[in-house]
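Listed below are the residues making up each chain.
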Amino acid sequence: MKVDIRVPVGLPIPETADFIAACEAAGFSGVGVHDHQHSGRDVFLTLALAAERTSRINLYPATTNPVTRHSMVLASLAHSLEEVAPERVRLTIAPGYLAVGNIGRPRATVETMRRAVLTIRRLLRGEQVHFNGVETRLRNLSDRSTPVFMTAAGPRMVELAGEVADGALLLVGLHPRSVEAARNRLEIGAARAGRSLDDFETTFITPTTVSDDGPAARRFPQQWFRPDQPYLKYPSDSNLFWLRQAGIDLADDFAPEDISDARAAEICDAFGLFGTAEECLKRLKRAGDESGVHHVFIFPTHTQEGGYDMPRAEVDAFREVIIPSVSTNS
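Residues numbered from 1 in each chain as written. Predicted model: local features only at pLDDT ≥ 70, side-chain atom pairs only at ≥ 80, totals over all residues. Heavy atoms only, no water.

1. Here's the deal with the overall build of the protein chain
Within the protein chain, the secondary structure is distributed over twelve helices and 13 strands. Taking 330 residues into account, the globule formula puts the C-alpha radius of gyration at 20 Å, and the protein chain, at 19 Å, falls close to it. In the protein chain, which comprises 330 residues, the proportion classed as buried is 57%. Counting only contacts in the protein chain whose residues sit at least 6 apart along the sequence, the fraction spanning at least 24 positions is 76%. Of the roughly 13900 Å² of accessible surface on the protein chain, a fraction of 46% belongs to carbon and sulfur atoms. (Helix = DSSP H or I, 4+ residues; strand = E, 2+ residues; numbered from the N terminus. Rg over C-alpha atoms; globule rule 2.2 N^0.38 Å. Buried < 20%, exposed > 50% of the residue type's maximum accessible area, 1.4 Å probe, protein only. Contact = heavy atoms within 4.5 Å. Areas by Shrake-Rupley, 256 points an atom, 1.4 Å probe, with all protein chains shown as cover.)

Here you go:
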């Protein structure tokens, strides 16, 4: 089992790089850092400095997007990181959420994502592409073409990942039926492109709350991400789609406070890791046994206001209890 973790730019960049180095020491396989330009701290500068302070851990934006950054710029940034940390980098792209919302732009469409991923992959292979009638290419290339992943939550985006990307971070939960449904969607996309997924890498985004108070940790479905958005609809309503695959059918207009404690616990079991460190370890092992999940991206739960808090409790719990029992550290 490989275990990655989401780290925000919640501290000055040198301190965030130090925190990422501590994640490597804790045994994590990778770290993803969000691309929020409104934070005033740049993800690629953060990852570059972290690369200098680490030697093993994989590093990637979690996640950048083709709305705030041009495809040519993203390809150049990916190659630049590859030079700093060879074979430890991936470029991870999504339609955007807070980053695009903070400049008053909508999320990237399926077609925009398709065009961006295919274009970036071509550029990283050294091929020529056209932008607005101008033919161009990257002048410098690495021996390895940096893999381009998609972060996908909705079923159409999951299909697109199977069609065009080198791998995917999937926000679909851990329930066997949800995981199977997501893998089927990847295959649909791959079939559309006439490609095989034999070398396709899949990582499962895993919402996580670790607490000494297990029942309190499992109250997250009863919370609001922000006043107009339940946590179960963050970053999109697609969470409800995957819960329905698991047999948990919530109304589109559900109110979090109306969810019972028993229902909340059921949702938590289907969706991620919630409870004490020992309970989270047990659930993670079960995900491997039941669903064939062997690579997770720990996404600490938070409200919008708390999105820049450093995941210290999660790092401690995984270092001391969980990673020693599940991680391959590779």
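There's more to say after this.
2. Section: the packing of aromatic side chains
Two numbers describe a pair of aromatic rings. These are the distance of the centres and the angle of the planes. Going through the model one piece at a time under the given rule, you end up with 13 aromatic pairs. With centroids separated by 5.7 Å and ring planes inclined at 40°, the aromatic side chains of Phe28 and Phe318 adopt a geometry described as tilted. Of this pair, Phe28 sits in the loop between α1 (13-26) and β2 (30-33) while Phe318 sits in helix α12 (residues 312-326); the two residues are 290 residues apart in sequence, bridging distant segments of the chain. Taken individually, Phe28 and Phe318 each receive the classification buried, so the pair is uniform in this respect. Ring geometry for Tyr97 and Phe225: centres 6.5 Å apart, planes at 50°, overall tilted. Pair noted here: Tyr97 is in the loop between β4 (91-93) and α4 (98-101) and Phe225 is in strand β10 (residues 224-226), with a separation of 128 residues, a long-range link. With a relative accessible area of 18%, Tyr97 lands in the buried category. (Phe/Tyr/Trp six-rings, centres within 6.5 Å; stacked < 30°, edge-to-face > 60°.)

3. Re the pairing of strand β7 (residues 148-152)
Within β7, five of the five residues are buried, leaving the element largely enclosed by the surrounding structure. Because side chains alternate across β7, one face comprises the buried residues Val148, Met150 and Ala152, and the other comprises Phe149 and Thr151, equally buried. Where β4 lies against β7, three bridges are found, and the strand directions are parallel. Its bridge partner lying in β7, Thr92 is registered against Phe149. Here four bridges tie β7 to strand β8 (residues 167-170), and the two strands are oriented parallel to one another. Within β8, the position partnered with Thr151 by the bridge is Leu169. Regarding topology, helix α6 (residues 155-164) serves as the crossover connection from β7 to the parallel β8, and that connection is right-handed. (Pairing = 2+ DSSP bridges. Right-handed = clockwise from strand over helix to strand, strands pointing away.)

4. Re the nonpolar core
Counting residues in each nonpolar core, the largest one holds 81 residues, and the members touching the most others are Val3, Cys23, Phe28, Val31, Met150, Leu170 and Phe318. Listed in part, the 29 residues of the second largest apolar core include Phe220, Phe254, Ala264 and Phe299. (Core = buried A, V, L, I, M, F, W, Y, C linked by side-chain atoms within 4.5 Å.)

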